[in-house]
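Structural features, examined
Each chain, letter by letter, is given below.
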Amino acid sequence: MNSHYDIVIVGGGMVGASLAASLIQASQTLDLKIAIIEAHALPESAVDGYQPSYDARSTALAYGSRVIYERMGLWDTLQTHLAAISDIHVSDQGRFGMTRLHAKDENVPALGYVVENRWLGQVLLARLQAEDAANIEFICPATVTEIQPAAENMQLQLEHDGETSQLTAELVVMVDGGRSPLRQKMGIGYQQQDYEQHAIVTNLTPGQPHNGMAYERFTRNGPMALLPLEDQNGEPRVALVWTVPSEQLDETLALSDEDFMARLHDTFGYRLGYFQRVGERHHYPLKLTFAEEQVRSGLVLLGNAAHALHPIAGQGYNLALRGAVRLAEYIIQTKQRGKALGQLADLQAFQEQVRGDQQKTVGFSDQTMKLFSNSQPLLALGRSAGLQIMDTCPLLKTVFARSAMGLDIAAPDLQAQPTASSVADKA
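This write-up is about the structure you can find in this document. (Residues numbered from 1 in each chain as written. Predicted model: local features only at pLDDT ≥ 70, side-chain atom pairs only at ≥ 80, totals over all residues. Heavy atoms only, no water.)

1. Notes on the pairing of strand E5 (residues 87-92)
- Taking burial as the measure, the six residues of E5 include six buried ones, the bulk of the element.
- Neither face of E5 is exposed, since Asp87, His89 and Ser91 on one face and Ile88, Val90 and Asp92 on the opposite face are all buried.
- Here five bridges tie E5 to strand E6 (residues 98-102), and the two strands are oriented antiparallel to one another. Across the sheet, residue Ser91 finds its bridge partner in E6, namely Met98.
- Where E5 lies against strand E13 (residues 213-219), six bridges are found, and the strand directions are parallel. Counted as the bridge partner of Asp87 is Met213 from E13. (Buried < 20%, exposed > 50% of the residue type's maximum accessible area, 1.4 Å probe, protein only. Helix = DSSP H or I, 4+ residues; strand = E, 2+ residues; numbered from the N terminus. Pairing = 2+ DSSP bridges.)

See below:
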């Protein structure tokens, strides 16, 4: 373990690991020393012989995130264990409104993908342990207990192997989750809106193949999503994200598997036939959280430490990934200019670059949730009519689909835009 690094990433989850993977080429060409500090021991990194787990938690990747992982050189491996979303079916329970999106209409191979978190983590870890990632060091299990600005660098105190040690870094990136104790300790406030809802997350075996169809259904109690997963042992699986009012959580979790699936049928119907099996149920409260400071001198917040969204549009991780790639671009360009990474004015300029994406994505998630959770009759009728109109208007469908795919309708050639990896190639 060194005593000084150019960049210290606090949190080795999917966002932190993706940031590091974006910097692998630059770490060689620009001689960047990077440390990833993670509270847990490293998991098994071998990707050969991976077997999907029935109860695995999963993440929806927008098409734009596929492009990002292609640029990192990870997609060929990643796609061996995921499910493509070829179609999206959006409906409003008890109303006539409905719209359907199709990948073929948007000239893309898929609208998105669903990947098990464990598989994505293993692919990222394997990349970070490759020979060309020698400048990236894992320090784990270790906990950062304090971060303080020093004369020219940031100073970190951490507990590792039962001992207390100190590191310095030009730039510290905090990616330690929505409950970040460091964020609170450093006095970084946040705005929070409690939706008074919980998300119940589980996997199911449907009676019919999903055929790559994802379902977004707006119900009286909140949105519900069923997403295609990779088949297991020849049987189809889908991932369920079911929003319930907080006061109904305990009663819903206490249902037997049979009663749980019966209630799901009452809400979702039988578009996938009769559900055959339900896995282990997890749950978490739904809140919109936004850090009041995302940059300080020598410090950047990413991922849930910076913003946590309602899962209604599945955009939380995709927004965080885009932020990680843009931060990698900032780091590369700043080093190419021979400047220090932690200068406040430059970090504030970076924050301005990502602010628009954050506001648009957070606003879409928040307003959509409120619109489809409102039972006022005229509003309900209007949104149902809106879904029906969208279903008959190709342009509206394209705007909605490109937003869901993490693409900008004004810049359809995403692959032509500069990226961290392309900048590193020129370094």
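Right, picking up where we left off after that structure.
2. Things to note about the sheet that holds strand E3 (residues 58-62)
- Spatially, the three strands line up as an open sheet ordered E3-E7-E4, and their pairing is antiparallel. Among the strands making up the open sheet, the edge pair consists of E3 and strand E4 (82-85). Ignoring which end each strand starts from, the neighbouring axes of this sheet average 25° apart.
- Note: E4 against strand E7 (residues 112-116), four bridges, orientation antiparallel. From the neighbouring strand, Leu82 faces E7, where its bridge partner is Val115.
- The strands touched by helix H5 (residues 117-128) within the sheet are E3 and E7, with E7 carrying the most contacts at an inclination of about 85°. (Axes fitted to C-alpha atoms, helices over the stretch in contact; angles between N-to-C directions. Contact = heavy atoms within 4.5 Å.)

3. Some words on helix H9 (residues 316-336)
- In this model, H9 (21 residues) spans 31 Å end to end at C-alpha, consistent with the 30 Å of a helix rising 1.5 Å per residue.
- The element H9 is extensively covered by neighbouring structure, given that 16 of its 21 residues are classed as buried.
- Among the residues trailing H9, Gly338 stands out with phi positive, at a value near 75°. (Expected span 1.5 Å × (residues − 1).)

4. Quick look at the pattern of salt bridges
- Here the structure, examined in full by the defined rule, presents 14 salt bridges.
- A salt bridge links Arg237 to Glu116; the shortest N-O distance between them is 2.9 Å. One end of the pair, Arg237, is in strand E15 (residues 235-245); the other, Glu116, is in strand E7, and 121 residues separate them in sequence.
- Arg237 sits in the buried class, given a relative accessible area of 1%.
- The class for Glu116 is buried, based on a relative accessible area of 4%.
- One salt-bridge network, in which partners are shared between bridges, spans Asp6, Glu170 and Lys335. (Salt bridge = Lys/Arg side-chain N within 4 Å of Asp/Glu carboxyl O.)

5. Focus on the side chain of Asn203
- Inspection of the secondary structure puts Asn203 in strand E12 (residues 190-205).
- Asn203 gets classed as buried once you look at its relative accessible area, which sits at 4%.
- Among the polar contacts listed, one links the side chain of Asn203 to the backbone oxygen of Tyr54, at a separation of 2.6 Å.
- A distance of 3.0 Å separates the side chain of Asn203 from the backbone oxygen of Ala56, its partner in a polar contact. (Polar contact = N/O pair within 3.5 Å; in protein donor to acceptor, adjacent residues only side chain to side chain.)

6. A look at the packing of helix H1 (residues 14-22) against H9
- Across the interface, H1 lies against H9 with an axial gap of 9 Å and an inter-helix angle of 30°. For the element pair H1 / H9, the angle class is roughly parallel. As H1 packs across H9, the resulting crossing turns out to be right-handed. Of the residues in H9, those touching H1 at Met14, Val15, Ser18, Leu19 and Ser22 are Tyr317, Ala320, Leu321, Ala324, Val325, Leu327 and Ala328.
- Grouping the constituent residues of the contact of H1 with H9 by class yields 10 nonpolar, two polar and no charged. (Parallel < 35°, antiparallel > 145°, perpendicular 65-115°, else oblique. Left-handed = near helix turned anticlockwise from the far one by under 90°. Nonpolar A, V, L, I, M, F, W, Y, C, P; charged D, E, K, R; others polar.)

7. A short note on the packing of aromatic side chains
- In the structure shown here, the tally under the stated rule is seven aromatic pairs.
- An angle of 40° between the planes, with centres 6.3 Å apart, marks the rings of Phe268 and Phe275 as tilted.
- By relative accessible area, which is 8% here, Phe275 ends up buried.
- Ring centres of Tyr330 and Phe350 lie 5.9 Å apart, and the angle between their planes is 40°; on these two criteria the pair is classed as tilted. In this pair, Tyr330 is assigned in helix H9 and Phe350 in helix H10 (residues 344-373), connecting sequence segments 20 residues apart.
- Of the aromatic side chains, those joined through ring pairs into one cluster are Tyr215, Phe268 and Phe275.
- Across from the ring centre of Tyr190, 4.5 Å away, lies the NZ or CZ of Arg183, which sits over that ring.
- Of note, Arg277 hangs over the ring of Tyr54, and the distance from its end group to the ring centre comes to 3.7 Å. (Phe/Tyr/Trp six-rings, centres within 6.5 Å; stacked < 30°, edge-to-face > 60°. Lys NZ or Arg CZ within 6 Å of the ring centre and 35° of its normal.)

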